[in-house]
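Here are the chains, one letter per residue:
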Amino acid sequence: MSAPLLHLDNVSVNLGQRLVLHDVCLRLQPARRVALLGPNGAGKSTLLRAVAGLVPASGHIRLGNGTLPSLTRSARARLIGYLAQSTDIQWPLQARDVVALGRHPHGARDPAQLSAADAALVDEALARVGASAFASRAITDLSGGERARVLLARVLAGVHEILLADEPVAALDPAQQLIALEALRTEAARGALCLMVMHDVALACRHMDELIVLSEGRVLAHGPVAEVVAGDALD
């Protein structure tokens, strides 16, 4: 087994007066699709935000050979792609320009002046989520499901080693869910660790490699899908 790409050692997060994550310990390998499951308030989104460096956390978070605090913001942005749950966007940018923002950590400062290589990655990401047809439309004019696909394409265009996604298929119809999950499967196949919050247990069991079950900020179970399903953490 290869060395962990993501290693959490006794990670805890306090938000206000509430301890949201309690001494979470995880070792996650590259080239894996991992679903975070658990009831509302279990700490799933907070765990993603802690790994992304968006909320302060105690304990140790190691990414490959470095620790989270040791990475510059630009290095973190190149390594980690983060897809938030919200699809609310106020600026009427073209969908393609939104996806092009995924190349910003790699030096693409202006969506209107992409290199040939960056442009190819943007177009590929749009095609992979079935969003090419509305690439020139303002994202504020798109439906919630269409915006969700564009935002997923933005993360895919970044070609990250670690992809964090908070309910990436929740706003999608069943056919589009399968397209999005196939895109994530492809990311894992090229070596990325895809860690995502999911609420549809059946969908997670069919399409993920591993499951992590959280409850009240603690890890109840973590392992291959069949192993976790065989236990009682999902009861």
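Structural notes, computed from the coordinates.

About the thresholds
- Residues numbered from 1 in each chain as written.
- Predicted model: local features only at pLDDT ≥ 70, side-chain atom pairs only at ≥ 80, totals over all residues.
- Heavy atoms only, no water.
- Helix = DSSP H or I, 4+ residues; strand = E, 2+ residues; numbered from the N terminus.
- Rg over C-alpha atoms; globule rule 2.2 N^0.38 Å.
- Buried < 20%, exposed > 50% of the residue type's maximum accessible area, 1.4 Å probe, protein only.
- Contact = heavy atoms within 4.5 Å.
- Disulfide = S-S within 2.5 Å.
- Salt bridge = Lys/Arg side-chain N within 4 Å of Asp/Glu carboxyl O.
- Expected span 1.5 Å × (residues − 1).
- Arc of directions from axis to C-beta.

### Brief notes about the overall build of the protein
Working step 1: A count of helical and extended segments in the protein gives 8 helices and 10 strands.
Working step 2: The C-alpha atoms of the protein give 17 Å as radius of gyration, which agrees with the globular expectation for 235 residues (18 Å, within 12%).
Working step 3: Taking the principal axes of its C-alpha atoms as reference, the protein extends roughly 45 × 40 × 40 Å.
Working step 4: Each of the 235 residues in the protein was classed as buried or not, and the buried ones make up 48%.
Working step 5: When contacts within the protein are restricted to residue pairs at least 6 apart in sequence, those whose partners lie at least 24 apart make up 67%.

### Some words on the state of the cysteines
Working step 1: Inspection of the entire model under this criterion finds 0 disulfides.
Working step 2: In this model Cys 205 remains outside any disulfide bridge; the closest cysteine sulfur is found in Cys 194, 17 Å from its own.

### Some details on the pattern of salt bridges
Working step 1: Per the counting criterion, the structure on display carries 7 salt bridges.
Working step 2: For the salt bridge of Arg 128 with Glu 187, the shortest nitrogen-to-oxygen distance reads 2.9 Å. In this pair, Arg 128 sits in helix H4 (residues 116-128) while Glu 187 sits in helix H6 (residues 174-189), placing the two residues 59 residues apart along the sequence.
Working step 3: One salt-bridge network, held together by shared partners, links Arg 128, Glu 187 and Arg 190.

### Details of helix H1 (residues 44-51)
Working step 1: Where burial is concerned, most of H1 is hidden: 6 out of the 8 residues are buried.
Working step 2: Burial in H1 covers these residues: Lys 44, Thr 46, Leu 47, Leu 48, Ala 50 and Val 51.
Working step 3: Following H1 by one or two positions, Gly 53 adopts a phi angle in the positive range, close to 80 degrees.

### A short note on H4
Working step 1: When the terminal C-alpha atoms of H4 are compared, their 18 Å separation across 13 residues agrees well with the 18 Å that a helix rising 1.5 Å per residue should span.
Working step 2: Regarding H4, the residues found buried are Asp 118, Ala 119, Val 122, Ala 125 and Leu 126. Taken end-on, H4 shows its buried residues confined to a sector of 125 degrees, consistent with a single buried face. Residues Ala 116 and Ala 117 are exposed on H4 and point more than 90 degrees away from its buried face.
Working step 3: Looking at the packing, one finds that the buried side of H4 touches helix H3 (95-100) and helix H5 (144-157).
Working step 4: Gly 130 sits one or two residues past H4 and shows a positive phi near 70 degrees.

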